[in-house]
Amino acid sequence: MTVPATLAELRAAYLSGRLHPSDVVAELLARASRTEDHAVWIHRLGESRLAPYVDRLAGLEIEGAPLWGAPFAIKDNIDLAGVPTTAGCPGFAYTPERSATVVERLIGAGAIPLGKTNMDQFATGLVGTRSPYGAVRNAVCANYIAGGSSSGSAVAVKLGLASFALGTDTAGSGRIPAAFNDLVGFKPTRGAWSTRGVVPACRTLDCVSVFTRCVADARAVAKVAGAFDAKEPFSRHVPQKDFDPANARFGCFDPATLPDVDEGFRHRYADFLAALPVRPQHIEATPFLAAGELLYDGPWLAERYAAVGAFLEANPEAVHPVTRTVVARGKEPSAVDLFRAQYRLAALRRKVEEIFADIDVLVLPTAPKVYSRQEVERDPLGTNTKLGTFTNFVNLLDFCAIAIPAGSTRAGLPFGVTLASPAGFDFALLNTAGRLLGGPV
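The following paragraphs examine the structure supplied in this document.

### Some words on the overall build of the protein chain
Each helix and strand counted, the protein chain has 16 helices and eleven strands in total. For a compact globule of 441 residues, the expected C-alpha radius of gyration is about 22 Å, and the protein chain comes in at 20 Å, within 12% of that figure. Structurally, the protein chain occupies a C-alpha span of about 55 × 55 × 45 Å along its principal axes. Counting the 441 residues in the protein chain, one finds 59% classified as buried. For the protein chain, restricting intrachain contacts to residue pairs at least 6 apart in sequence, the fraction spanning at least 24 positions comes to 75%. Looking at the protein chain as shown, the accessible area adds up to about 16,600 Å², and 51% of this sits on carbon and sulfur atoms. Of the side-chain charges in the protein chain, 44 are positive and 44 negative, and the distance between the mean point of each set is 1 Å.

Put into structure tokens, the structure is as follows:
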């Protein structure tokens, strides 16, 4: 059976009577059983657990439910009621009585949760290999990493196991796996989507994100998922701002001077810039890259320790060795270090604000390169650090961002670019991405 690739096509099939959600669920369960070697799932719901979600659709008018019958996957640091949340660590597992706010909103709009996906443990990593549930295989090139930490969610969408999937994004976890698996990965403005019911990584920076096959699907999910949550302290009222996607002013980094970029990726980046509807303005990369360096080389590591440090100290053997090494460093920074870093970040933000007075959208490579699984095994920390070159600064500078496919290298490796704009321009950014990919605006 063929399951439509996009939410609009799936909805049309339901409205015409050609498909029923029970047929779609049965097909996706069969597909999941045939792709177990990709290590996508941590906990997959069976037919009996899915039946209530399918049955409730009979009492839900499709016209008023924008995600009616849409099957989706959930990264396993986001709560689904009655299903264990592990955050990639079996010893940490708990079973929530209530779903995360974002999950509740999606289910309320008619979406069907299929289960919980594999991830870099405690959302600490951009590689997709730091999991006791297995290293997630890239859905396009199996010898390469899937990217993390939302690895299972991205691969689930690319393999056609779900119409869309939730991830989280603190340092790039919702964008790197999108780029490496030829997908769209949208990260909203911090606080625009509630993080209540999400295991924190760096709580002041964490975002829930979404993986889709097209920009229109990301927009459809964003319209449902985003809303202020008074019970979540880090939720924000985010007034939506706008610019004209048809006349967007683009800024870019000079492809020739970017550090540590694979030559194939460098060429694809230059090609994408050349194909933009208007000539982009070259901007200085230094303030952006300097802000990104603060995330792992600065005191924000202490937030990761604040989130799971007590569990790590009490259960050191339950934690992946690389994750344990990274999180344990969070004990080192002092309060003085944190304030100094905040002052440094404030100065960098001011420089970036000046740059955005002349541009609407920053266009940059999502990652400098994609590593093979063997390369990551040989150097797990060094490779991960380089992967975050163009993603680490986004939440620190309070941007929204969307990763989109941008071709492939001569070796057949997917390449993606990221579009980023200041907080509140979420839908303007989505509309711009849709226009650049030739989709509806």
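### Some details on the packing of helix 7 (residues 215-225) against helix 16 (residues 426-436)
Packing of helix 7 against helix 16 leaves a shortest axis separation of 9 Å and a crossing angle of 165 degrees. With respect to their mutual orientation, helix 7 and helix 16 come out roughly antiparallel. Both helix 7 and helix 16 take part in a crossing whose hand is left-handed. Across the interface between the two elements, Val215, Ala218, Arg219, Ala222 and Lys223 from helix 7 touch Phe427, Leu430, Asn431, Ala433 and Gly434 from helix 16. Among the residues forming the contact of helix 7 with helix 16, the class breakdown is six nonpolar, two polar and two charged.

### A closer look at the packing of aromatic side chains
Inspection of the entire model under this criterion finds 15 aromatic pairs. One aromatic cluster is present, formed by Phe253, Phe288, Phe356, Phe390, Phe393 and Phe399 through successive ring pairs.

### Description of the pairing of strand 11 (residues 414-422)
With eight of its nine residues buried, strand 11 lies for the most part within the structure. Sheet topology note: the strand 9 (residues 361-365)/strand 11 ladder contains four bridges and is antiparallel. From the neighbouring strand, proline 365 faces strand 11, where its bridge partner is valine 417. Pairing between strand 10 (residues 399-408) and strand 11: eight bridges, direction antiparallel. Paired with alanine 401 across the two strands is alanine 420, which belongs to strand 11. The antiparallel pairing of strand 10 with strand 11 creates a hairpin that spans five residues between the two strands, and glycine 412 there sits at a positive phi of about 85 degrees.

### Quick look at unusual backbone geometry
Note: most peptide bonds trans; most residues except glycine with negative phi. Between glycine 148 and serine 149 the backbone carries a cis peptide bond, its omega angle lying at 0 degrees. Structurally, the position occupied by serine 149 is in the loop between strand 3 (112-117) and helix 5 (151-158). Even without a glycine there, the phi angle at alanine 87 is positive, about 55 degrees. Looking at the secondary structure, you find alanine 87 in the loop between strand 2 (71-75) and helix 4 (101-108).

### Let's talk about helix 8 (residues 263-274)
Its twelve residues give helix 8 an end-to-end C-alpha distance of 17 Å, which sits within 8% of 16 Å, the value for a rise of 1.5 Å per residue. Within helix 8, the full set of buried residues consists of Gly264, Phe265, Arg266, Arg268, Tyr269, Phe272 and Leu273. Lining the buried residues of helix 8 we find strand 7 (250-252), strand 9, strand 10, strand 11 and helix 16. Structurally, the start of helix 8 carries an N-cap: the backbone nitrogen of glycine 264 is 2.9 Å from a side-chain oxygen of aspartate 262.

### Looking at the pattern of salt bridges
Under the defined criterion, the tally for this structure stands at 18 salt bridges. Arginine 137 is paired through a salt bridge with aspartate 37; the nearest N and O atoms lie 2.6 Å apart. Of this pair, arginine 137 sits in the loop between strand 3 and helix 5 while aspartate 37 sits in the loop between helix 2 (21-34) and strand 1 (41-44), and the two are 100 residues apart along the sequence. Residues lysine 158 and aspartate 182 are paired through a salt bridge, measuring 3.3 Å at the closest nitrogen-oxygen approach. Pair noted here: lysine 158 is in helix 5 and aspartate 182 is in the loop between helix 6 (176-180) and strand 5 (184-187), with a separation of 24 residues, a long-range link. Using a relative accessible area of 31% as the deciding quantity, one classes aspartate 182 as partly exposed. Through salt bridges with shared partners, one network takes in Glu27, Arg31 and Arg34.

### Quick look at the packing of helix 4 against helix 7
Between helix 4 and helix 7, the least distance of the axes is 9 Å, while the angle of their chain directions is 110 degrees. Between helix 4 and helix 7, the angle falls in the class roughly perpendicular. Contacts from Val102, Arg105 and Leu106 in helix 4 reach Val221, Val224 and Ala225 in helix 7. Residue composition of the contact of helix 4 with helix 7, grouped by class: five nonpolar, no polar and one charged.

### Some points on the nonpolar core
Counting residues in each nonpolar core, the largest one holds 138 residues, and the members touching the most others are Leu106 and Phe288. When residues no more than four places from it in sequence are discounted, the contact partners of leucine 106 are Leu67, Phe72, Ala111, Phe164, Leu166, Val221, Val224 and Ala225. Counting eleven residues, the second largest nonpolar core, distinct from the first, contains Phe92, Phe122, Tyr305 and Val308.

### Examining the side chain of threonine 124
With respect to the helices, strands and loops of the structure, threonine 124 is situated in the loop between strand 3 and helix 5. Once you skip the residues sitting within four places of it in the chain, threonine 124 turns out to touch Arg130, Ser149, Arg304, Thr323, Val326 and Val327.

### Considerations on the sheet that holds strand 5
The pairing of strands in a sheet comes from backbone hydrogen bonds and takes either a parallel or an antiparallel form. Taken together, eleven strands build an open sheet; the order of strands is 1-3-2-4-6-5-10-11-9-7-8 and the sheet is mixed. Strands at the two margins of the open sheet, each flanked by one partner only, are strand 1 and strand 8 (281-282). Along the sheet face, helix 8 touches strand 7, strand 9, strand 10 and strand 11 and points at about 55 degrees away from the line of strand 11.

### Quick notes on the environment of cysteine 252
Looking at where cysteine 252 falls in the secondary structure, it is placed in strand 7. Since its relative accessible area comes to 0%, cysteine 252 is described here as buried. C-alpha separation for the pair cysteine 252 and valine 155, spaced 97 residues apart in sequence, amounts to 29 Å. If we skip the residues at most four places from it in the chain, cysteine 252 touches Tyr269, Leu273, Pro280, Gln281, His282, Ile283, Leu362 and Val363.

Quick notes on the rules
Residues numbered from 1 in each chain as written. Predicted model: local features only at pLDDT ≥ 70, side-chain atom pairs only at ≥ 80, totals over all residues. Heavy atoms only, no water. Helix = DSSP H or I, 4+ residues; strand = E, 2+ residues; numbered from the N terminus. Rg over C-alpha atoms; globule rule 2.2 N^0.38 Å. Buried < 20%, exposed > 50% of the residue type's maximum accessible area, 1.4 Å probe, protein only. Contact = heavy atoms within 4.5 Å. Areas by Shrake-Rupley, 256 points an atom, 1.4 Å probe, with all protein chains shown as cover. Lys, Arg positive; Asp, Glu negative; His and termini not counted. Charge placed at Lys NZ, Arg CZ, Asp CG, Glu CD. Axes fitted to C-alpha atoms, helices over the stretch in contact; angles between N-to-C directions. Parallel < 35°, antiparallel > 145°, perpendicular 65-115°, else oblique. Left-handed = near helix turned anticlockwise from the far one by under 90°. Nonpolar A, V, L, I, M, F, W, Y, C, P; charged D, E, K, R; others polar. Phe/Tyr/Trp six-rings, centres within 6.5 Å; stacked < 30°, edge-to-face > 60°. Pairing = 2+ DSSP bridges. Expected span 1.5 Å × (residues − 1). Polar contact = N/O pair within 3.5 Å; in protein donor to acceptor, adjacent residues only side chain to side chain. Salt bridge = Lys/Arg side-chain N within 4 Å of Asp/Glu carboxyl O. Core = buried A, V, L, I, M, F, W, Y, C linked by side-chain atoms within 4.5 Å.

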